[in-house]
Amino acid sequence: MTIRGSTAGLADPIDATRADLSSGVAAVLDQPPEPGWITVQAAGIPFAARTWGEPGDPPLLLVHGVTSSSRGWWRVGPALAVGLRRRVVAVDQAGHGRTARWTCHHRFRDNAADIAAFAAAAGIGTADLRVVGHSWGAMTAAALPIAGLRPEVVVLLDPPAVPLAAMASMLEDPVEHHYDDVDEALAAVCGLYPTWPFGDVLAKAEGLTQFDEAAVRAVLTENGDWDGGLADLSDPAAAGVAFRLVRGEPAFGGLVPDPAAAAFAARLGVAHVITIARGAHSPMRLRPEATVFALLRALEPD
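Procedures and definitions
- Residues numbered from 1 in each chain as written.
- Predicted model: local features only at pLDDT ≥ 70, side-chain atom pairs only at ≥ 80, totals over all residues.
- Heavy atoms only, no water.
- Salt bridge = Lys/Arg side-chain N within 4 Å of Asp/Glu carboxyl O.
- Helix = DSSP H or I, 4+ residues; strand = E, 2+ residues; numbered from the N terminus.
- Buried < 20%, exposed > 50% of the residue type's maximum accessible area, 1.4 Å probe, protein only.
- 1 Å grid on protein atoms, 1.4 Å probe; cavity = no way out; pocket = protein on both sides within 12 Å on 5 of 7 lines; lining within 4 Å.
- Points joined across faces, edges and corners; volume = space filled by probe spheres on them.
- Nonpolar A, V, L, I, M, F, W, Y, C, P; charged D, E, K, R; others polar.

1. With respect to the pattern of salt bridges
Here the idea is simple: oppositely charged side chains can pair when their charged atoms come close.
In step 1: Tallying each qualifying case throughout the model produces 14 salt bridges.
In step 2: A salt bridge links arginine 278 to aspartate 15; its shortest N-O distance comes to 3.1 Å. Of this pair, arginine 278 sits in the loop between β10 (273-276) and α11 (288-298) while aspartate 15 sits in strand β2 (residues 14-15), placing them 263 residues apart in sequence.
In step 3: Taking relative accessible area as the criterion, arginine 278 reaches 37% and is therefore assigned partly exposed.
In step 4: Because the salt bridges share partners, they merge into one network encompassing Arg86, Arg130, Glu152 and Glu300.

2. Details of the layout of surface pockets
In step 1: Here the largest pocket defines a volume of roughly 670 Å³.
In step 2: Of all the elements in the fold, those that place two or more residues in the lining of the largest pocket are α5 (164-168) and α7 (198-208).
In step 3: Residues belonging to the lining of the largest pocket are distributed by class as follows: 16 nonpolar, 11 polar and seven charged.
In step 4: By volume, the second largest pocket amounts to about 230 Å³.
In step 5: Surrounding the second largest pocket, Pro32, Pro33, Glu34, Pro35, Arg50, Trp52, Arg71, Trp74, Gly199 and Leu202 form its lining.
In step 6: When contributions to the lining of the second largest pocket are tallied by element, the ones reaching two or more residues are β4 (45-52) and α7.
In step 7: The residue inventory of the lining of the second largest pocket, partitioned by class, reads six nonpolar, one polar and three charged.

In short, the description is geometric, and any link to function would need to be established separately.
Put into structure tokens, the structure is as follows:
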């Protein structure tokens, strides 16, 4: 692992490689196993979720971002299951993936209540639960204690800390709008991101054919400015929960600017804010080894 140029008040970005991972984790990244599936009725929503790992192992919940699905964790999920010896459950959020129903809960705290209900119904809402949320999923994860779920560790993976206008602009992005045909979505994603691994292209393209358009529009345009979850971390309900931030680099597409990262460091401690060198907003696509390394580190309690 190498580190390079830090920003004042923040730890140096990490540049972990395959050599920094155990052989078992590296092998899973190379050849990810197919997931299992569970369906759980909670909060009036028929949730679907992918799973990896042994059912008897302590749980790790993964929560994806807007317009995506649990398939986006296709490599990271099984790698974390091996690296942490945990049962990984990657949920399809309401109106996304195979969870077709949306109940108009676009507010982060309302969505967190739905995810907390899912965790309880799935039998993973236990004291040893750990959580990773990405983007919208991270904003949701930040509000889980307010919804009554207090995981052992919560990792926020590049939770956007940007103005409303920046989030709303996603509605005009050709790789964020809904497609009726997977092949058409594949062509669009491949055309714009030719360096993505095919598994990530397929995960994104599939997700673009599955999401509820009204749900995405509400999430992106009716939550005001996004603050990375800092306001919810300041709520008294969050006291005592071990929160961590893992972000991409802003110069490479990360959506947690340095001032916001410094605010996280002031609240969580500098050691609990990890920047992935050359990581984008979804660093697991082009920096999977560094992302898994960062998450393995962040998911360990003090």
